[in-house]
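Coordinate inspection notes
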Amino acid sequence: ESPTHNTEAKLQKICQLLDQEISYFNWTGFYFKNGDKEELILGPYVGAETDHTIIPFGKGICGQVAVSNETFVVPDVHDQDNYLSCSIDTKAEIVVPIIKNGENIGQIDIDSHSLDPFTAEDREMLEWLCDEIAKII
Ligand code: SME
C-alpha cells in the first residue's frame, strides 16, 4: 500500500532529519511495494536523483530485502554482484525493511560515500524507526 499524502510529508521529514544529523548518510529514502506487483516504487528521499524509481523484487540490495524481510548491511558495495548503482560516489549501503502486521511493505534505504560507515547503533536506530513507521502507515 502506498502512503497517503500526510504520511509522505512525514517520511520526507524523516529523510531530511537523518540526512542532516548523520554526516555519512548521503542518500536517504524510502521504497514501497507497488500495489500487488512484485516491485518496489521510490517514495520520499533526500539526495541525488536516481534512475531506480522502480526496482523488481530480487534485484539489487533493495530488491533482495523485499524478499528476505531482513536488514541488509553492505560495508562495501563493490563486493556485491547483485547491486544497482545509483551514484559512483556510493561506497556503502544499508536497507531496513518496514514490516507491518507481518508483511514487508517497504524499506528505508541509505547510501554512504564512506566505506564501512554503519555502526550497530545505526542499524538498531533504523530498525526502531522502521517499527515506528510501520505503526503510522
Ligand atoms: N543501490 C540500491 C538501489 C537504490 S539506490 O541506492 C537509491 C540497490 O542496489 O538496490
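From a predicted model like this one, the values you see are computed outputs, not experimental measurements.

Moving on to the environment of glutamate 127. Relative to the assigned elements, glutamate 127 resides in helix H3 (residues 120-136). In the structure, glutamate 127 is positioned 123 residues away from threonine 4 in sequence and 22 Å away in space, judged by C-alpha atoms. Those residues in contact with glutamate 127 that sit more than four places away from it in its chain are Thr71 and Val96.

The final tally for this structure, using the stated rule, is six aromatic pairs. The interplanar angle of 80° and the centroid separation of 5.6 Å between the aromatic rings of tyrosine 24 and phenylalanine 25 together place this pair among those described as edge-to-face. Here phenylalanine 25 falls in the buried class, since its relative accessible area comes to 1%. Through a chain of ring-to-ring contacts, the aromatic side chains of Tyr24, Phe25 and Phe118 assemble into a single cluster.

To continue, consider the pairing of strand S5 (residues 92-100). Counted residue by residue, S5 has eight buried out of nine residues, so it is predominantly covered. With three bridges connecting them, strand S4 (residues 72-74) and S5 associate as antiparallel partners. Considered in S5, the bridge of valine 74 is made with glutamate 93. Relative to strand S6 (residues 103-112), S5 runs antiparallel, the two being bridged by nine bridges. Residue pairing for S6: isoleucine 94 is matched across the bridge by isoleucine 110. Hairpin connection from S5 to S6: two residues lie between these consecutive antiparallel strands, with asparagine 101 at a positive phi of about 50°.

With that out of the way, let us pick up the side chain of aspartate 122. Within the fold, aspartate 122 resides in helix H3. Buried charge aspartate 122 goes without a salt bridge, the closest partner of opposite sign being arginine 123 at 11 Å. A distance of 2.8 Å separates the side chain of aspartate 122 from the side chain of tyrosine 24, its partner in a polar contact.

Another point: the site of the ligand. With respect to spatial proximity, the complete set of residues near the ligand consists of Trp27, Tyr31, Ile55, Gly60, Ile61, Cys62, Tyr83, Leu84, Cys86, Glu93, Asp109 and Asp111. Taking leucine 84, its main chain carries an N or O atom lying 2.7 Å from a nitrogen atom of the ligand. One nitrogen or oxygen atom from the side chain of glutamate 93 is found 2.9 Å from a nitrogen atom belonging to the ligand. Contact with the protein chains hides 100% of the accessible area of the ligand, taken as 300 Å² for the molecule alone. Among the secondary structure elements, those contributing two or more residues to the shell around the ligand are strand S1 (27-33), helix H2 (60-68) and S6. Among the residues making up the shell around the ligand, the classes are represented as eight nonpolar, one polar and three charged.

This part takes up the environment of lysine 135. Its location among the elements puts lysine 135 in helix H3. By relative accessible area, which is 60% here, lysine 135 ends up exposed. Distance in space between the C-alpha atoms of lysine 135 and glutamine 64 is 23 Å, their sequence separation being 71 residues.

Calculation criteria
Residues numbered from 1 in each chain as written. Predicted model: local features only at pLDDT ≥ 70, side-chain atom pairs only at ≥ 80, totals over all residues. Heavy atoms only, no water. Helix = DSSP H or I, 4+ residues; strand = E, 2+ residues; numbered from the N terminus. Contact = heavy atoms within 4.5 Å. Phe/Tyr/Trp six-rings, centres within 6.5 Å; stacked < 30°, edge-to-face > 60°. Buried < 20%, exposed > 50% of the residue type's maximum accessible area, 1.4 Å probe, protein only. Pairing = 2+ DSSP bridges. Lys, Arg positive; Asp, Glu negative; His and termini not counted. Salt bridge = Lys/Arg side-chain N within 4 Å of Asp/Glu carboxyl O. Polar contact = N/O pair within 3.5 Å; in protein donor to acceptor, adjacent residues only side chain to side chain. Near = heavy atom within 4 Å. Areas by Shrake-Rupley, 256 points an atom, 1.4 Å probe, with all protein chains shown as cover. Nonpolar A, V, L, I, M, F, W, Y, C, P; charged D, E, K, R; others polar.

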